[in-house]
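Topology and contacts: notes
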Amino acid sequence: MTRVPGRDWRNPSTWHLRTRLVLVAMALLVAICGAIGLFSYASMDLFLTRQLDDQLSNASRRSSDFGRPASGNPSGRPDPLEARGQGVGTLNARIEDGEVSRAGFLAGDATRKSLSPDDNAVLLALTPNGVPVDRTLSAGAYRLTAVRAPYGDVIVTGLPLAEKDSTLTSLIWTMVVVSAGGLVLIGLAGTALIRRTMKPLEQLSEVATQVSRLPLDAGEVALGVRVPASAAHRGTEVGSVGYALNKMLDNVSSALEARQESEMKVRQFVADASHELRTPLTAIRGYTELMRMTEHFTPDGARSLARVQSQSERMTTLVEDLLLLARLDEGQPLKISDVDLTQLAIETVSDEKVMAPDRIWQLELPEEPVVVRGDATQLHQVLANLLSNARKHTAPGTKVVTGVMRSADGSAVVTVTDNGNGIAPEFVGKVFARFARADAARTNPAANAAANSTVVTAGARSGAAARSVSGADSRAASGSPAASSRGSGTATAAPTSEGTSGLGLSIVQSIVDAHGGTVEVTSRPGRTEFAVRLPAAPPSA
């Protein structure tokens, strides 16, 4: 049996409402049937007892009158059991001077049966006051009465209780069978009725569950689910809840549409502004370079011009990042092809090694190439941003390990791990946010120079890693555009002199999301790891 999470059959508060209603109704019916049964039993017992007492009184009177001694013969006393009208099972006994005489009862064949000495002892113990009492004799349970006759003898008369007990037993079984059948029928009918009555609540719950599963945090949301009109009548309690829920969903839908429209306007503005800024920034860089080549400046003027050029380059990087994010937000189609992540890792690490030879760059690659279906340019951007982030926020001498592997489920995993001081715990959850900056996110790289913790990374160092970083393509020597321009503005904090835009890791997340993958970060002092997981794809033929 499947166990429903959060439900404990020993705790009624976790049961379904319809289950509790049916059980409560059944419990009330059981109580009512029990009360009716007890009342019926008591009434029937009282009626039968009174009826038996009337019969016993008549039989006692007949026995007493018949047992009177004949006139002129005081010693000749007739047997009371021989009185006219005595039925089968009737018991009679005469007690003279404390001794039982002529004691017996009429058997089923109308013959006289004597009582045992034990029965005689029971009869002698009776009080001759005419009050009926129940006693158990060898012949069975009897209703007995003892009266003192006018002639001095005590006449004991009794009638069997078997017929009364049989009637009460039949009544009990009748009540049990009828009550059980009624409870079953009422339980089934009640369950069907309650289930039908509770159906609108189930519809409300289903609608609320569907809404709770919708991604409402970002993007265009189609909030078209509503409570059916049959469950949204304002005339009933459940219908009022359904009507209110529909109104709330209408309000939420309007708010989401307004939010989406506002986001689209902002994104369009960012895209347009970024596109328009590219031309003047290119002009500034061009004229700055021209002035450096054709004009003579004082040392202060040359430094100022160099500062203008560096800031224009930084601004260009920021504009390019914003434009890339805007295009990713618009969901522009990817240029899908087979991408060898192992070769991509070698090339990107080679670029970073040229830019930061004071770090220890290592590769951990599998024997066979790890190929995925994706946009090669954007996946290169992901790796370049992650390595640039490690370069900018760690001290010289830090070990940065780039690993590529194929996981058990077939997906491709790329990891970038360093043994720096790590990211502040309160900032780990914000590293992928846009314009996320925190100088405390990574401690001062100068303070990390002594960190030599051992780095443990996934994947096995293999012969494929022998493809030397220095053997990468010519971009390693000249510095690829992605590594030099995009990579220089991707960190989430700016503790070094190298400027950052705070967009690099958000670009990583957007690109990975567009490829249907995930990116995660784990950090502690001495180990920070970014892990990118991409859907599996076999190499093309």
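Note: the structure precedes this text.
Residues numbered from 1 in each chain as written. Predicted model: local features only at pLDDT ≥ 70, side-chain atom pairs only at ≥ 80, totals over all residues. Heavy atoms only, no water.

Structural notes on helix H11 (residues 504-514)
Among the 11 residues that make up H11, eight are buried, leaving the element largely enclosed by the rest of the structure. All buried positions along H11 are accounted for by Gly504, Leu505, Ser506, Ile507, Val508, Ser510, Ile511 and Val512. If you follow the buried residues of H11, they end up packed against helix H5 (299-329), helix H7 (376-392), strand E12 (518-524) and strand E13 (527-534). The first or second residue beyond H11 is Gly516, which carries a positive phi of 75°. (Buried < 20%, exposed > 50% of the residue type's maximum accessible area, 1.4 Å probe, protein only. Helix = DSSP H or I, 4+ residues; strand = E, 2+ residues; numbered from the N terminus. Contact = heavy atoms within 4.5 Å.)

So, the sheet that holds strand E4 (residues 133-137)
Strand order in the open sheet formed by six strands is E3-E2-E1-E6-E5-E4, with antiparallel pairing between adjacent strands. Looking along the sheet, the strands with just one partner apiece sit at the ends: strand E3 (112-114) and E4. Strand after strand, the sheet turns through a mean of 30° between neighbouring axes, direction not considered. Judged from the seven bridges that link them, strand E5 (residues 140-148) and strand E6 (residues 154-160) form a sheet pairing that is antiparallel. Opposite Arg143, over in E6, you have Leu159 as the bridge partner. Where helix H1 (residues 17-66) meets the sheet, it contacts strand E1 (91-96), E5 and E6, and its direction lies at approximately 140° from that of E6. Running over the sheet, helix H2 (residues 117-124) touches E1, strand E2 (99-106), E4, E5 and E6 and is turned about 70° from E1. (Pairing = 2+ DSSP bridges. Axes fitted to C-alpha atoms, helices over the stretch in contact; angles between N-to-C directions.)

Examining the pairing of strand E11 (residues 412-418)
Burial within E11 is extensive, with seven of its seven residues counted as buried. Relative to E11, strand E10 (residues 399-406) is paired through seven bridges, and the arrangement is antiparallel. Paired with Thr402 across the strands is Val416, a residue of E11. Here E10 folds back onto E11, and the loop between the two strands holds five residues, one of which, Gly410, carries a positive phi near 95°. Pairing between E11 and E13: seven bridges, direction antiparallel. Counterpart to Thr417 in the pairing with E13 is Glu529.

Considerations on the nonpolar core
Where a protein is soluble and globular, its nonpolar side chains tend to be buried together. Ranked by size, the top nonpolar core spans 43 residues in total, and within it Leu341, Leu386 and Val532 carry the most contacts. Ranked by residues supplied to this core, first place goes to H7 with six residues. Leu341 has contacts with Val370, Val372, Leu379, Val404, Ala412, Val414 and Leu534, leaving out every residue within four places of it along the chain. If you look at the next biggest cluster of nonpolar residues, it comprises 14 residues, including Ala93, Ile95, Phe105 and Val156. (Core = buried A, V, L, I, M, F, W, Y, C linked by side-chain atoms within 4.5 Å.)

Some points on the packing of aromatic side chains
Within this structure, the stated rule accounts for one aromatic pair. Between the aromatic rings of Phe432 and Phe530, the centroid separation amounts to 6.2 Å while the plane-to-plane angle is 90°, which identifies the pairing as edge-to-face. Separated by 98 residues along the polypeptide, Phe432 in the loop between helix H8 (425-428) and helix H9 (475-478) and Phe530 in strand E13 bring together distant segments of the chain. Both residues of the pair, Phe432 and Phe530, belong to the buried class. (Phe/Tyr/Trp six-rings, centres within 6.5 Å; stacked < 30°, edge-to-face > 60°.)

Notes on the packing of H5 against H11
Where H5 contacts H11, the axes come no closer than 10 Å and their chain directions differ by 25°. Relative to H11, H5 is oriented roughly parallel. Here H5 and H11 pass one another in a crossing that is left-handed. Residues Asp321, Leu324, Leu325 and Leu328 of H5 touch H11, and the partners they reach there are Ser506, Ile507, Ser510 and Ile511. Broken down by class, the residue content of the contact of H5 with H11 amounts to five nonpolar, two polar and one charged. (Parallel < 35°, antiparallel > 145°, perpendicular 65-115°, else oblique. Left-handed = near helix turned anticlockwise from the far one by under 90°. Nonpolar A, V, L, I, M, F, W, Y, C, P; charged D, E, K, R; others polar.)

Some words on the pattern of salt bridges
One side chain can pair with another of opposite charge once the charged atoms of both are near each other. Overall, the coordinates contain 10 salt bridges when judged by the stated rule. In this structure, Asp45 engages Lys164 in a salt bridge whose closest nitrogen and oxygen atoms are separated by 3.1 Å. With Asp45 in helix H1 and Lys164 in helix H3 (residues 162-212), this pair connects stretches of sequence that are 119 residues apart. Judged by relative accessible area, which is 25%, Asp45 ranks as partly exposed. Between Arg143 and Asp134 there is a salt bridge whose closest N-O contact spans 3.0 Å. Assessed through its relative accessible area of 12%, Arg143 is described here as buried. (Salt bridge = Lys/Arg side-chain N within 4 Å of Asp/Glu carboxyl O.)

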